[in-house]
Amino acid sequence: MQLLDGKKLTAEMKQEIASEVAAFKAAGGKTPHLAAILVGHDGGSETYVAGKVKACAEVGIKSTLVRFEEQVTEKELLLKIAAMNDDADIDGLIVQLPLPPHIAERHVIEAIDIRKDVDGFHPMNIGRMVIGIPSYLSATPAGILEILKRYNIPTAGKSCVVVGRSNIVGKPVSILLSRKGYPGDATVTLCHSRTVNLKDITRQADILIAAMGKPEFIRADMVKEGAVVIDVGITRMKSEVTKSGWKLIGDVKFDEVAPHCSYITPVPGGVGLLTVVALLKNTLLSAKKTIYP
Ligand code: GUN
């Protein structure tokens, strides 16, 4: 069993991005700029946004964090997005999810200029991804592809089972892995809460992607001997033993499943870390006007 080391890949990729940012600036390009909007004070969102801001600084990308209180109206938020869409210095614009229930996520996502949608959540970017024209790939699917590529894991003709059909992970990654070319050409099965005989299907998987957000749901008897297992779950649970008071739990029961795998991602230290890198990469692509010239 080999660990798919998100920490190592993240460090490697951050260095590559930092060099690219430096080269772009040296050639007269602008400093790439990521702006993030955070509504309220959800603990998870605070942590994720802080991680994004820190990662920007590490690679020479400028970042701005705009905060709103929980009570902000949808209209106020949309007005701010419109102003940031028009701000030529901002290359990437993200609104951290989830949002309070009185704000429609769909309205917010669709308000972001597709050229600045570095989260790749806008229906236009998702549609472009589906038909295979250049678009911003959202962070988690991009992170999964990067892991497969950097560990040279073959995907052509492989049976790939994705468990979980969310718009930001399960659905897009199933489409990306069935695209022509590498990392793709897999035979993909998308399973969800209504799937019958789930275990029979997951046991067929050469590559198993667990993305349903159910802590330690995937057990050893659900995994084929020698499978590649990618764990996308990150459920925050209260812990008495960690310094922060929280621990992160994946969708895979790691200790039980790992001995049966050829490769497996740990949680934490797997896919989660790479998601921030994907965001940095997209922000640089935006500053360079690569996707939308
Ligand atoms: N909430 C959970 N994941 C994400 C993400 O990738 N982007 C944003 N904006 N919010 C999130």
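Preceding this paragraph is the structure being described.
Residues numbered from 1 in each chain as written. Predicted model: local features only at pLDDT ≥ 70, side-chain atom pairs only at ≥ 80, totals over all residues. Heavy atoms only, no water.

## A word on the layout of surface pockets
The condition is simple: Two kinds of site are reported from a 1 Å grid over the protein atoms alone, namely cavities, where a 1.4 Å probe fits but cannot get out, and pockets, open sets with protein on both sides within 12 Å along at least five of seven lines, and residues are called lining when an atom falls within 4 Å of a point. Grid points are joined across faces, edges and corners, and a volume is the space filled by probe spheres set on the points. Helix and strand assignments follow DSSP, with helices taken as H or I runs no shorter than four residues and strands as E runs no shorter than two, numbered in order from the N terminus. By the convention adopted, Pro, Cys, Tyr, Trp, Phe, Met, Ile, Leu, Val and Ala count as nonpolar, Lys, Arg, Asp and Glu as charged, and the other residues, Gly among them, as polar.
Within this model, the second largest pocket holds a volume of roughly 430 Å³. Looking at the second largest pocket, it is lined by 25 residues, and the ones nearest its centre are Leu 137, Ala 142, Leu 145, Lys 149 and Arg 179. With 6 residues, helix H10 (residues 271-287) is the single largest residue contributor to the lining of the second largest pocket. Residues belonging to the lining of the second largest pocket are distributed by class as follows: 14 nonpolar, 6 polar and 5 charged.

## Brief notes about the site of the ligand
Heads up, the rule is: Whether a residue is near a molecule or strand is decided by its heavy atoms; if any one of them lies within 4 Å of it, the residue is near. We define a polar contact as two N or O atoms separated by no more than 3.5 Å, with the added condition that, inside protein, one atom must be a possible hydrogen donor and the other a possible acceptor, whereas residues neighbouring each other in sequence contribute only through side-chain atom pairs. Surface accessibility follows the Shrake-Rupley procedure with a 1.4 Å probe radius. Residue values consider only the protein chains on display as shielding.
By nearness alone, every residue bordering the ligand is listed as Lys 52, Val 95, Gln 96, Leu 97, Asp 119 and Phe 121. Measuring from a nitrogen atom of the ligand, one finds a backbone N or O atom of Leu 97 at 2.9 Å. Between a nitrogen atom of the ligand and a side-chain N or O atom of Asp 119, the distance comes to 2.6 Å. Expressed as a share of its isolated accessible area of 280 Å², the protein-covered part of the ligand is 78%.

## A word on the sheet that holds strand E11 (residues 261-264)
Let me state the cut-off plainly: Note on pairing: DSSP must find at least two bridges between two strands before they are called paired. It only takes one pair of heavy atoms within 4.5 Å for two residues to be counted as in contact. An axis is simply a line fitted to the C-alpha atoms; with a helix, the fit covers only the stretch in contact. Between two such axes, the angle follows the N-to-C directions and lies from 0 to 180 degrees.
Read from one edge to the other, the open sheet built from 6 strands follows the order E1-E11-E8-E7-E5-E6, with strand pairing classed as parallel. Since the sheet does not close on itself, it has two edges, and those belong to strand E1 (2-3) and strand E6 (187-191), each with one partner. Here E1 pairs with E11 via 2 bridges, running parallel. Each bridged residue has a counterpart across the sheet, and for Gln 2 the counterpart in E11 is Tyr 263. The sheet contacts of helix H7 (residues 170-178) involve strand E5 (159-163), E6 and strand E7 (207-210), and relative to E6 the element is tilted by about 170 degrees.

## Describing the sheet that holds strand E2 (residues 33-39)
The strand order across the open sheet built from 3 strands is E3-E2-E4, with neighbouring strands paired in parallel fashion. Across the chains shown, the open sheet's two edge strands, defined by having one partner strand only, are strand E3 (62-68) and strand E4 (92-95). Pairs of neighbouring strands in the sheet enclose a mean axial angle of 15 degrees, with direction left out of account.

Purely geometric stuff here, so don't read any function into it on its own.
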